[in-house]
Amino acid sequence: MSDLRLDSPIQGKLVPLSEVKDPAFASGAMGRGAAVSEPAGKVYSPVDGEVTVLFETKHAIGLHGENGADILIHVGLDTVNLKGEHFTAHVAQGDKVKRGQLLLEFDVAAIVAAGYDVTTPVLVTNAADFGKITVALGDQEISDSVEAAAEVPAAAAAASGHDVAADEAELANLPAEERVAKLIAKYVGGMDNVRSAEHCATRLRLIVNDREKIDEKAIENIDGVKGQFFAAAQYQIILGTGFVDKVYDIFVAGTSLGATSNNKAEAYEQMSTMQKISRTLGDVFVPIIPVLVATGLFMGLRGASQALGMEFSENVLTMSQVLTDTAFIFLPALVCWSTMKRFGGTPVIGLVLGLMLVAPQLPNAWAAIPGGAQQPLIMDVLGFSVPVVGYQGSVLPALVLGILAAKLQAGLKKFVPDLIDLIVTPFLTLFICMILGLLVVGPIMHALESAVFGAVQAFLQLPFGIGGIVVGGLQQVVVVFGVHHIFNALEVQLLATTGVDPFNAIITGAIVAQGGAAVAVAAKTKNAKKRALYISSAVPAFLGITEPAIFGINLRFMKPFIYGLVGGACAGGLASFMQLAGTGMGITVIPGTLLYLDHLLPYIMVNVVGFAVAFALTFTLFTPEE
């Protein structure tokens, strides 16, 4: 069995598959290889060969090399949902290609702004035909072997409620795709239990009515199924490139599933109210977080430079303020733009509405305070005196106004004739929403925002770090339930109002503690293969991503997760006690260091305490045999 070496088809940072935040790729079920994070946006052929698969959505491409390797390049995670937007193909299915030939281009910034992870797995799908497989990128190399990929989780041996072998024998005379489709339909509880179905490059994705009716172990044991799992309210069955298309066609044949499926909407419907709110806030704020991260880094660098004794001229300071203050001055424009986009309105209308909330003709919100340099405009509305100011740095007024504008625009389109829609609909939307925003929504939401913000500040300033203990101890529980995006709006408001984000420091302590617990489990595990797997799952936690450590290790054994929560509470309490706060949001642990350049020692202390407490408790009180 020969070894295989491939040059990465895409520039970026080479990472192990185990770090990919998708079980289908991270588990090796789809094949062996590596992944590229921070990709450059162009995919080149790593071999001389033929394009065997090019999906209509252009997010994934399959090649058969002259060296015998079947290669799948899957740009990003769940990017099938983009329906080909932001992707450009330079080849077609069946084309002969040469090594180094441009295959695909994709807009990294646009895909990230749409809320998708652009980490790109590069897989050899017929990996069993090779010994060691190595993927190289510059001076980086990642290798694995058949032996390293051979370990099967013990859970796969669990008993199934069906006699899979007998069912397989009964359908043995059918083509493989028909046999697999029929068995899946049987083991998911029948087609009546399937609400919607679709597929991506590698997986059949189902929304079911009753999860309890699914025999997961039976499905996992079907010859041709490479794995299965639940994610984002979808039941995903890993079938592989090319084969999944055939199985899907047979699975939905004779049903209405193929024509009406909308898994994203179905998954949203199955979420709890809190999960829906969190997902919506995430959809609104995640696209603008990169701007706030960059702004926070600028603030941190300026503060660190001044702390080191560097002096800047007045003009240089002014230029630095342009860098650090612009995003927060025009924050309502960013929020309103993103909200309109999320709720189906025209984004540019949202952008203009947001700019109206901070128009220079209005008194500046930061200056129009009691005793300030400016006074609010007093408008007489139905006998009531309404003070009107700009909403610099506000979040809720822009968020609510964006939702109202999107709904109003959709309503107007239902009765405004197409002939004048281009003129009348934007005019009425802007006119009505400007009045509502400045005279009704703005004052009400700003008052509510101030009350909530005051309560949060008071909670975080409780004596002895009590607020930090509570938040640090529970934050990763919130992550498990998938509602952590609900904190995004609060963090944005904290940054806009105070210039710093104390939540970031507390969350960092919670994240590093889960990583510490996972490392302790790895340190106590004697099996070398399992230890390597656990370490690879723990490493992303120190880059701010805890899902591999939580779902791959800590929650499976439960005690390490609890000890991680204790470590997070201790670190959060220390951060709150020292009043530690970042100059930005969105990055934590090692990358988050850039937000604390002017108070680095306290930040390191918080990280050390979180890691040490969780590691010590787990290493002392937990045994892997449990």
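Rules behind the numbers
Residues numbered from 1 in each chain as written. Predicted model: local features only at pLDDT ≥ 70, side-chain atom pairs only at ≥ 80, totals over all residues. Heavy atoms only, no water. Helix = DSSP H or I, 4+ residues; strand = E, 2+ residues; numbered from the N terminus. Rg over C-alpha atoms; globule rule 2.2 N^0.38 Å. Buried < 20%, exposed > 50% of the residue type's maximum accessible area, 1.4 Å probe, protein only. Contact = heavy atoms within 4.5 Å. Areas by Shrake-Rupley, 256 points an atom, 1.4 Å probe, with all protein chains shown as cover. Lys, Arg positive; Asp, Glu negative; His and termini not counted. Charge placed at Lys NZ, Arg CZ, Asp CG, Glu CD. Pairing = 2+ DSSP bridges. Phe/Tyr/Trp six-rings, centres within 6.5 Å; stacked < 30°, edge-to-face > 60°. Lys NZ or Arg CZ within 6 Å of the ring centre and 35° of its normal. Core = buried A, V, L, I, M, F, W, Y, C linked by side-chain atoms within 4.5 Å. Salt bridge = Lys/Arg side-chain N within 4 Å of Asp/Glu carboxyl O. Polar contact = N/O pair within 3.5 Å; in protein donor to acceptor, adjacent residues only side chain to side chain. Axes fitted to C-alpha atoms, helices over the stretch in contact; angles between N-to-C directions.

A. Representation of the overall build of the chain. If you tally the helices and strands in the chain, you get 24 helices and 19 strands. Expected size for 626 residues packed as a compact globule is a radius of gyration near 25 Å; at 27 Å, the chain falls within 12% of this value. For the chain, the C-alpha atoms occupy an extent of roughly 85 × 70 × 50 Å along the three principal directions. Taking all 626 residues of the chain together, the buried fraction comes to 47%. The contacts in the chain between residues at least 6 apart in sequence include a share of 72% that link residues at least 24 apart. Total accessible area on the chain stands at roughly 28200 Å², and carbon and sulfur atoms take up 63% of it. Once the 38 positive and 54 negative side-chain charges of the chain are each reduced to a mean point, those two points are 3 Å apart.

B. Expanded view of the sheet that holds strand β11 (residues 120-124). Spatial ordering of the open sheet is given by β2-β3-β11-β7-β6-β5-β9, a layout of 7 strands whose pairing is antiparallel. Strand pairing shows two members of the sheet lacking a second neighbour, β2 (13-15) and β9 (96-97), which therefore form its edges. As paired strands, β2 and strand β3 (residues 32-37) are joined by 3 bridges and run antiparallel to one another. Residue K13 lies in a different strand from β3, and its bridge partner there is S37.

C. Structural view of the packing of aromatic side chains. Taken as a whole and assessed by the stated rule, the structure comprises 8 aromatic pairs. Here F427 and F431 contribute two aromatic rings whose centre-to-centre distance is 6.0 Å and whose plane-to-plane angle is 5°, an arrangement assigned as stacked. Note that F427 and F431 are positioned in helix α16 (residues 418-460) at a spacing of 4 residues, about one turn of the helix. On the accessibility criterion, F427 (53% relative accessible area) is exposed. Measuring from centroid to centroid gives 6.3 Å for Y534 and F557, while their planes differ by 85°, and the two rings are edge-to-face. Of this pair, Y534 sits in helix α20 (residues 528-538) while F557 is found in helix α21 (residues 547-557), placing the two residues 23 residues apart along the sequence. Classification of Y534 as buried rests on a relative accessible area of 5%. Among the aromatic residues, those joined into a cluster by ring pairs are F542, F611, F615 and F619. Across the ring face of F343, the terminal group of R342 is positioned such that the distance to the ring centre comes to 5.1 Å. Above the plane of the ring of F619 lies K524, whose end atom (NZ or CZ) is 5.5 Å from the centre.

D. Highlighting the nonpolar core. Residues F285, L331, V335, V492, F503 and L580 are the most contacted members of the largest nonpolar core, which totals 57 residues. Apart from residues no more than four positions distant in its own chain, V335 is found in contact with V284, F285, I288, V395, A398 and L399. Counting residues in hydrophobic clusters, the runner-up holds 34 residues, among them V36, I73, V91 and A127.

E. Just the pattern of salt bridges, in detail. Across all of its chains, the model carries 12 salt bridges by this definition. Taking the shortest distance from any N to any O, the salt bridge between D78 and R205 comes out at 2.6 Å. Highlighted residues: D78 in the loop between β7 (70-74) and β8 (87-89) and R205 in strand β15 (residues 203-208), separated in sequence by 127 residues. The class for R205 is buried, based on a relative accessible area of 2%.

F. View of the environment of Q514. For Q514, the position within the fold is in helix α19 (residues 502-524). When the C-alpha atoms of Q514 and A541 are compared, they prove to be 7.2 Å apart, with 27 residues separating the residues in sequence. Among residues more than four places away in sequence, those in contact with Q514 are Q476, T546, A549, I550, N554, P560, F561, G564 and L565. At 2.8 Å, the side chain of Q514 forms a polar contact with the side chain of N554.

G. The arrangement of the sheet that holds strand β1 (residues 4-7) in detail. Spatially, 3 strands are ordered β1-β12-β13 in an open sheet, and the strand pairing comes out mixed. At either end of the open sheet lies a strand with only one pairing partner, and these are β1 and β13 (140-144). Direction aside, the axes of adjacent strands within the sheet are offset by 15° on average. Where β1 lies against strand β12 (residues 133-137), 4 bridges are found, and the strand directions are parallel. Paired with L4 across the bridge in β12 is I133.

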